[in-house]
Amino acid sequence: MATLTRPRLRLDWPGIIFATLLTVVIVGPLLVVGTWAFTEVWRFPNVIPQQFGFRFWGQTLGRADVWNALTLSLQLTTTVTLLSALICLPAAYAFARMRFPGRNILFFSFLAGHAFPKFGLLVAIAAIFLQLNLIGTFWGVVLIQLVGTLMFMIWIPVAAFQAVDRRMEEAARDVGASPLRVFWSVTLPQAGPTIAAAVLLSFVSTFYETEGAWLIGAPGIRTMPVLMISYINNQMVIQYGAVLSVLLWVPSFIALIFARRVIGGGAFARGFGG
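Please read all numbers here as calculations on a predicted model, not as lab measurements.

1. Let's talk about empty space enclosed by the protein
Next, step 1: Here the structure, examined in full by the defined rule, presents one cavity of 30 Å³ or more.
Next, step 2: Of the voids in this model, the largest cavity is the one considered here, and its volume is about 30 Å³.
Next, step 3: As for the largest cavity, its lining consists of Ser-73, Leu-76, Thr-77, Gln-145, Thr-206, Phe-207, Glu-209 and Thr-223.
Next, step 4: Secondary structure elements with two or more residues in the lining of the largest cavity: helix H3 (64–97) and helix H10 (179–208).
Next, step 5: For the lining of the largest cavity, the leading source of residues is H3, giving three residues.
Next, step 6: Considered class by class, the residues forming the lining of the largest cavity number two nonpolar, five polar and one charged.

2. Thoughts on the confidence of the model for the protein
Next, step 1: Overall, the predicted model of the protein reaches an average pLDDT of 81, with 87% of residues at or above 70.
Next, step 2: Predicted confidence for residues 265–274 stays below pLDDT 50, and this span has 14 contacts to residues more than four positions away or in other chains.

3. What to know about the pattern of salt bridges
Next, step 1: In the structure shown here, the tally under the stated rule is five salt bridges.
Next, step 2: Note that Arg-55 and Glu-40 form a salt bridge whose closest N and O atoms lie 3.8 Å from each other. Residue Arg-55 is found in helix H2 (residues 55–61), and its partner Glu-40 is found in strand E1 (residues 39–41); the two are separated by 15 residues along the sequence.
Next, step 3: The partner of Arg-97 in a salt bridge is Glu-169, with the nearest N and O atoms 3.1 Å apart. Remark: Glu-169 occurs in helix H9 (residues 166–174) and Arg-97 occurs in helix H3; sequence separation between them is 72 residues.

Reading guide: rules and limits
- Residues numbered from 1 in each chain as written.
- Predicted model: local features only at pLDDT ≥ 70, side-chain atom pairs only at ≥ 80, totals over all residues.
- Heavy atoms only, no water.
- 1 Å grid on protein atoms, 1.4 Å probe; cavity = no way out; pocket = protein on both sides within 12 Å on 5 of 7 lines; lining within 4 Å.
- Points joined across faces, edges and corners; volume = space filled by probe spheres on them.
- Helix = DSSP H or I, 4+ residues; strand = E, 2+ residues; numbered from the N terminus.
- Nonpolar A, V, L, I, M, F, W, Y, C, P; charged D, E, K, R; others polar.
- pLDDT = per-residue confidence, 0-100.
- Contact = heavy atoms within 4.5 Å.
- Salt bridge = Lys/Arg side-chain N within 4 Å of Asp/Glu carboxyl O.

Here's what the structure looks like:
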């Protein structure tokens, strides 16, 4: 009787090596920064810090400029996110449900800010803002950061509105519900979680936005990321920048976990299909 033999498991060594190198490149710097945040003494040539502690956490959080930057960042981020929702969500509904001349061209134009080198685009916008006296102002930074939210707040909600079951909307209309009631009771509950994820991603990306806040906001506007960079560039205590960096990780982890659970892999594909 012939014996059955199990096929040998062949390891994809090039793939394993590539994945390992990619992990080291991505995770390595994060581990170094995270280690510096809890290090009190780390001198060359020692590979491991000589002393760990929370002394620099207290010093960093005790600085007035840190709290001023945090307050300003939250004010900017909240303002930009609310304005983006007010402007983009009605536009996303129109792109998802209506047909009008130039719709596809206008829809893809929202990617223009991500299709070209961002810093060059910011420099061109800064030249315009200089003529409008918006450099170094709160509203100048709001406008430049608003541009960065268009992809999240247009493409993802378009996919959400397209995924709504139209038969349920038609059934509600058949029993006498008004268009507003249908939207509030049928459309929004189905699209709401994905829209909430888009709003959260916009909030977090605005909170982390650095180039526009630095180029348009300097010298009067200093957000948390701009303050962290200034700590590093001015050769202050390295732990200050590391502590701020670790603090800035928290919102992104929360946003990514929530968005990953809500937005499926086909969300952007449905947006392209619009």
